[in-house]
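As a plain string of letters, each chain reads:
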Amino acid sequence: MSPAAATSLYALIGRPVAGNPTEEMLEAAFAAAGLDARYVSLEVAPEALADAVRGLRALGVRGAHVTVPHKVAVIPLLDRVTEAARLAGAVNCIKREGDALVGDNTDGKGFLASLRGLTDPRGATAVVVGAGGAARAIVAELSLAGAERITVVNRTL
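Because the structure is predicted, anything quoted here is derived from the model rather than measured.

(A) Highlighting helix 4 (residues 107–116). Those residues of helix 4 not exposed but buried are G108, L112 and L115. Viewed end-on, helix 4 has its buried residues packed into an arc of 60°, placing them on one side of the element. Along helix 4, the residues that are exposed and aim more than 90 degrees away from the buried face are A113 and S114. Next to the buried residues of helix 4 lie helix 5 (133–144).

(B) Seen up close, the nonpolar core. By size, the foremost hydrophobic cluster in this structure holds 16 residues, and its most contacted members are L56, V74, V91 and I94. Looking at which element gives the most residues to this core, the answer is helix 2 (residues 49–58), with four residues. Apart from the residues lying within four places of it in its own chain, the contact partners of I94 are L56, R62, G63, A64, V66, V74, L78, L101, V102 and G103. Core analysis: the second largest hydrophobic core is formed by nine residues, A126, V128, A135 and A145 among them.

(C) Representation of the pattern of salt bridges within the structure. Tallying each qualifying case throughout the model produces 10 salt bridges. When the shortest N-O distance is used, the salt bridge between E43 and R15 registers 3.7 Å. Taken together, the positions of E43 in strand 2 (residues 37–43) and R15 in the loop between strand 1 (8–14) and helix 1 (22–33) put the pair 28 residues apart, joining distant regions of the chain. Of the residues examined, E43 reaches a relative accessible area of 47% and is grouped as partly exposed. Residues R38 and E27 are paired through a salt bridge, measuring 2.9 Å at the closest nitrogen-oxygen approach.

Here is what the cut-offs are and how they apply
- Residues numbered from 1 in each chain as written.
- Predicted model: local features only at pLDDT ≥ 70, side-chain atom pairs only at ≥ 80, totals over all residues.
- Heavy atoms only, no water.
- Buried < 20%, exposed > 50% of the residue type's maximum accessible area, 1.4 Å probe, protein only.
- Helix = DSSP H or I, 4+ residues; strand = E, 2+ residues; numbered from the N terminus.
- Arc of directions from axis to C-beta.
- Contact = heavy atoms within 4.5 Å.
- Core = buried A, V, L, I, M, F, W, Y, C linked by side-chain atoms within 4.5 Å.
- Salt bridge = Lys/Arg side-chain N within 4 Å of Asp/Glu carboxyl O.

Okay, structure coming up:
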């Protein structure tokens, strides 16, 4: 018997993806929630990224995680990005909104949620240790949350 509706498909794109636990975690979450959804890890070489994004569109993929080395290179291939992704200069999640693929960066959102459990960042002074991708995302979220002053401390210039 054919399904009443197509299975929702989600993916991880990056290189390497072997050993990434996201597929197992999301497959288990889909099953526990009784959702007709699948999550696949797709190894995508940098030179194939544009083709991979076209494939996400063509296959109706509902959302995708983006990991190294594609977090920056994927931006011009998307229809738009959120303010957090624009400020961070990187995308780690793609969601489908109608026919559009929208890039977001959620790396700083978890940090901000934890911080709000302790204090309101609006008007605050913050010090971020490190200047890598996650730090950039944290700075973006602190900025969006209204932090007054943000200082980044790093080992190298």
